[in-house]
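A closer look at the structure
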Amino acid sequence: MDTAQFDVIVIGAGIAGASAAAFLSADHRVALIEAEEVAGYHTTGRSAAIWILNYGPPDVVALTGLSRGFFENPPPGFADAPLFAPRAVLSLAPPEQSAHLDAKIANGIGLEEISIAEATALVPALRADYATRAAIERDAFDMDVAALHQGFLRQLRANNGVLALRARSGRIEQRGAQWHVEVSGGAEFEAPAIVNAAGAWGDSVAMQAGLRPIGLVPKRRTAAVIDPAPFTPHAWPMVGDVDHTWYARCEARTKLMVSPADETPMEPQDIQPDELDIAIGIDRMQQALDIEVRRVEHSWAGLRSFAPDGSLVFGEDPQANRFFWCIGQGGYGIQTAPAAGRLVADLVSGRDPGEPGKLLASITPRRFL
Ligand SMILES: Cc1cc2nc3c(=O)[nH]c(=O)nc-3n(C[C@H](O)[C@H](O)[C@H](O)COP(=O)(O)OP(=O)(O)OC[C@H]3O[C@@H](n4cnc5c(N)ncnc54)[C@H](O)[C@@H]3O)c2cc1C
């Protein structure tokens with residue numbers, strides 16, 4: 001069996017593995033191993049691609065905020081196109097969600113209540129009888145996920161890192177100070193440190209290494225694309241209700257992506273959309289927006305994977321020397337990726353991570369193991 005020697009093996013080439021591998025490759029020889037034929041095939045290629053500060057638990061909010069500068073000013077040559085295009089987020093409150101709107105504004109950062117007339121000016125399809133109140137988060141933005149992901153993979157290659165596709169990890173063993181990872185196709189990778197960035201398969205990879213799973217739960221989220229003509233949603237904010245039971249945002253300038261914000265627990269797999277979830281999403285959207293839906297042009301689903309407490313799981317496993325977790329990114333793995341990738345690289349390198357170091361107690365895998 002061929003054995004290739006590296007400083008770090010990263011398992012999973014979605015946004016989590018790609019960003020960690022890119023930052024690590026600055027001073028380590030890195031192998032990024034990916035089960036599929038292309039990197040980004042699973043959740044990373046299926047997101048809604050929006051950066052929202054007021055979204056997720058406090059550790060996520062912190063890493064989202066710390067990532068903003070990277071989207072605005074990526075390193076020279078990182079991407080050919082901007083990673084960032086402003087798009088506000090409009091939260092609508094039907095009468096029964098009014099108290100939740102107050103709580104959202106009170107607990108959030110930079111959320112501002114606006115009148116229903118202002119909300120209608122932003123989204124002219126808004127039905128007059130749906131919401132009684134609304135709030136806007138103005139400094140959210142669309143992310144170019146493909147450009148971000150490819151930028152990290154380009155950085156990895158420029159630093160002599162290796163992306164191994166069609167390389168699903170099998171047996172993972174620590175012999176002495178070295179981790180050995182056998183992959184499909186028969187190759188073996190060897191390194192003193194390993195990063196588990198396998199997304200929905202995070203617990204499976206831990207178990208391949210003989211480690212205890214943390215209880216990760218992949219949850220299906222569905223999206224459907226419709227034509228909202230005669231409306232042109234290009235300049236609309238992303239729009240949804242305060243309780244996050246549906247949302248819609250412009251897709252490809254003239255279309256609208258609609259989601260029921262579903263969270264159905266599933267086994268890790270190449271997840272496909274469910275017709276009922278698509279219908280529920282469109283029905284909830286139509287209660288708020290006066291848009292006729294003649295047909296669904298395209299739909300998809302992805303797995304958002306959560307730790308039992310909903311927070312991130314980053315850090316060294318307490319049972320296994322130099323086995324690092326980088327999972328539990330839920331619905332925020334793209335918007336947190338720049339700061340998360342740097343943090344994971346700092347942890348593996350034994351460097352002081354600075355500001356994100358304050359989060360370590362709440363994101364360590366030790367809390368489960
Ligand atoms: C509909 C939807 C909307 C979303 N919207 C947003 C959003 O607006 N903003 C945001 O920030 N996030 C959003 N997310 C969440 C975001 O997409 C995820 O948090 C992120 O993509 C997770 O990245 P990942 O690298 O952890 O997982 P993945 O992209 O799934 O990557 C994991 C990789 O590991 C590989 N792998 C697994 N097991 C093995 C193995 N044994 N050996 C080798 N490789 C393996 C898999 O093949 C996969 O490529 C959304 C998600 C969905 C589904």
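Located above this text is the structure these notes cover.
What you see is a predicted model, and the numbers here were worked out from it, not measured in a lab. For every chain, the first residue of its written sequence is number 1, and the numbers climb from 1 along that sequence. The model is predicted, so local features are restricted to residues of pLDDT at least 70 and side-chain atom pairs to those at 80 or more, both for listing and for counting; the totals for chains, interfaces and linings are taken over all residues. The basis for every side-chain value is the complete set of non-hydrogen atoms in the structure, without hydrogens or water.

Some words on the pairing of strand β18 (residues 255-259)
β18 sits mainly inside the fold: four of its five residues count as buried. Strands are treated as partners if at least two bridges between them are detected by DSSP. By definition, any uninterrupted DSSP run of H or I lasting at least four residues is a helix, any uninterrupted run of E lasting at least two residues is a strand, and each is numbered from the N terminus. Looking at chain direction, strand β17 (residues 247-251) and β18 are connected through five bridges and run antiparallel. Across the sheet, Glu-251 pairs through a bridge with Lys-255, a residue of β18. Once β17 ends, the chain turns through three residues before running back antiparallel as β18, passing Ala-252 with a positive phi of about 50°. When accessible area is computed with a 1.4 Å probe and restricted to protein chains, residues below 20% of their type maximum are described as buried, those above 50% as exposed, and intermediate ones as partly exposed.

Quick notes on the site of the ligand
Of all residues adjacent to the ligand, which total 38 residues, the nearest are Glu-34, Thr-44, Ser-169, Gly-330 and Gln-335. In protein, a polar contact means a hydrogen-donor-capable atom and an acceptor-capable atom, both N or O and within 3.5 Å, with residues adjacent in sequence counting only if both atoms are side-chain atoms; elsewhere, any N or O pair within 3.5 Å suffices. Thr-43 has a polar backbone atom sitting 3.2 Å from an oxygen atom of the ligand. Within the backbone of Gly-331, one N or O atom sits 3.0 Å away from a nitrogen atom of the ligand. Those elements giving two or more residues to the shell around the ligand turn out to be α1 (15-24) and β20 (296-306). For the shell around the ligand, the per-class residue count stands at 18 nonpolar, 14 polar and six charged. Structurally, the shell around the ligand is a two-domain feature, drawing no fewer than three residues from each of domain 1 (3-67 + 145-216 + 309-367) and domain 2 (89-138 + 217-306). Nearness is defined per residue: one heavy atom within 4 Å of the molecule or strand is enough. Under the grouping applied here, Gly and all other residues not named as nonpolar or charged are polar, the nonpolar ones being Ala, Val, Leu, Ile, Met, Phe, Trp, Tyr, Cys and Pro and the charged ones Asp, Glu, Lys and Arg. Boundaries between domains were set according to an automatic or database domain assignment.

Description of the pattern of salt bridges
By definition here, a salt bridge exists when the distance from a side-chain nitrogen of Lys or Arg to a carboxyl oxygen of Asp or Glu is within 4 Å. Overall, the coordinates contain 25 salt bridges when judged by the stated rule. Here Asp-102 and Arg-133 are joined by a salt bridge, their closest N and O atoms 2.7 Å apart. A residue pair is termed long-range when its members are at least 10 positions apart, and Asp-102 in helix α3 (residues 98-107) and Arg-133 in strand β8 (residues 133-137) qualify at 31 residues. Its relative accessible area of 41% is what places Asp-102 among the partly exposed residues. Taking the relative accessible area as the measure of exposure, Arg-133 reaches 17% and is therefore buried.

Observations regarding the layout of surface pockets
Here a cavity denotes grid points, spaced 1 Å and computed from the protein atoms alone, that fit a 1.4 Å probe unable to get out, and a pocket denotes an open set having protein on both sides within 12 Å along at least 5 of 7 lines; residues with an atom within 4 Å of a point are the lining. Grid points are joined across faces, edges and corners, and a volume is the space filled by probe spheres set on the points. Estimates place the volume of the second largest pocket at around 370 Å³. As for the second largest pocket, its lining consists of 21 residues, of which Ala-49, Met-143, Asp-144, Val-145 and Ala-146 are closest to the centre. Only β5 (84-86), β9 (141-143), α5 (145-158) and β17 provide two or more residues apiece to the lining of the second largest pocket. No other element matches α5, which puts four residues into the lining of the second largest pocket. Tallied by class, the residues present in the lining of the second largest pocket amount to ten nonpolar, six polar and five charged.

Some words on the sheet that holds strand β2 (residues 8-11)
Pairing within the open sheet is mixed, and its six strands lie in the order β10-β3-β2-β14-β22-β21. Across the chains shown, the open sheet's two edge strands, defined by having one partner strand only, are β10 (162-164) and β21 (313-316). In this sheet, adjacent strand axes meet at a mean angle of 15° when their direction is disregarded. By the bridge criterion, three bridges tie strand β14 (residues 193-196) to strand β22 (residues 323-327) in an arrangement that is parallel. Looking at β22, one finds that Asn-196 is bridged to Trp-325. Fitted lines through C-alpha atoms give the axes, limited to the stretch in contact for helices. The angle between two N-to-C directions lies from 0 to 180 degrees.

Thoughts on helix α8 (residues 337-349)
Each helix should span, by expectation, one fewer than its residue count multiplied by 1.5 Å. Counted at 1.5 Å a residue, the expected span for α8 with its 13 residues is 18 Å, and the 18 Å between its end C-alpha atoms agrees. Of all the 13 residues making up α8, eleven are buried; the element is thus mostly covered by neighbouring parts of the structure. Those residues of α8 that fall on the buried side of the exposure criterion are Ala-337, Pro-338, Ala-339, Ala-340, Gly-341, Leu-343, Val-344, Ala-345, Asp-346, Leu-347 and Val-348. Gly-350 sits one or two positions beyond α8 and adopts a positive phi of about 75°.

So, the packing of helix α2 (residues 58-72) against α8
Look at α2 against α8: their axes get within 6 Å of each other, and the N-to-C directions meet at 105°. Regarding the angle of α2 to α8, the classification is roughly perpendicular. In this structure, α2 contributes Leu-63, Leu-66, Ser-67, Phe-70 and Phe-71 to the contact, and α8 contributes Ala-337, Pro-338, Ala-339, Ala-340 and Leu-343. In these notes the angle categories are as follows: under 35 degrees is roughly parallel, over 145 is roughly antiparallel, 65 to 115 is roughly perpendicular, and the rest is oblique. The contact definition used throughout considers only heavy atoms, calling two residues in contact when any of these lie within 4.5 Å.

Brief notes about the sheet that holds β9
Ordered in space as β4-β9-β5, the three strands form an open sheet in which the pairing is antiparallel. Edge positions in the sheet fall to β4 (50-51) and β5, since each has one partner strand and no second. Both β5 and β9 contribute to a ladder of three bridges, which runs antiparallel. Along β9, the bridge assignment pairs Phe-84 with Met-143.

With respect to the packing of aromatic side chains
A pair of Phe, Tyr and Trp rings is counted when the ring centres sit within 6.5 Å of each other, with Trp represented by its six-membered ring. The angle between the planes then sorts it: under 30 degrees is stacked, over 60 is edge-to-face, the rest tilted. For the structure shown, the criterion picks out 15 aromatic pairs. For the ring pair Tyr-55 and Tyr-332, a centre distance of 5.1 Å and an interplane angle of 75° mean the geometry is edge-to-face. Taken as a pair, Tyr-55 in the loop between β4 and α2 and Tyr-332 in the loop between β22 and α8 lie far apart in primary sequence, 277 residues in all. With relative accessibility at 21%, the residue Tyr-55 sits in the partly exposed group. Ring plane angle 70° and centroid distance 6.3 Å describe the contact between Tyr-130 and Trp-246, whose orientation is recorded as edge-to-face. Taken together, the residues span a long stretch of sequence, with Tyr-130 in the loop between α4 (116-122) and β8 and Trp-246 in the loop between β16 (238-241) and β17 at a distance of 116 residues. Note on Trp-246: relative accessible area 1%, which makes it buried. By the ring-pair criterion, three or more aromatic residues cluster together here, those being Phe-23, Phe-70, Phe-78 and Phe-152.

Shape descriptors only; they carry no functional weight alone.
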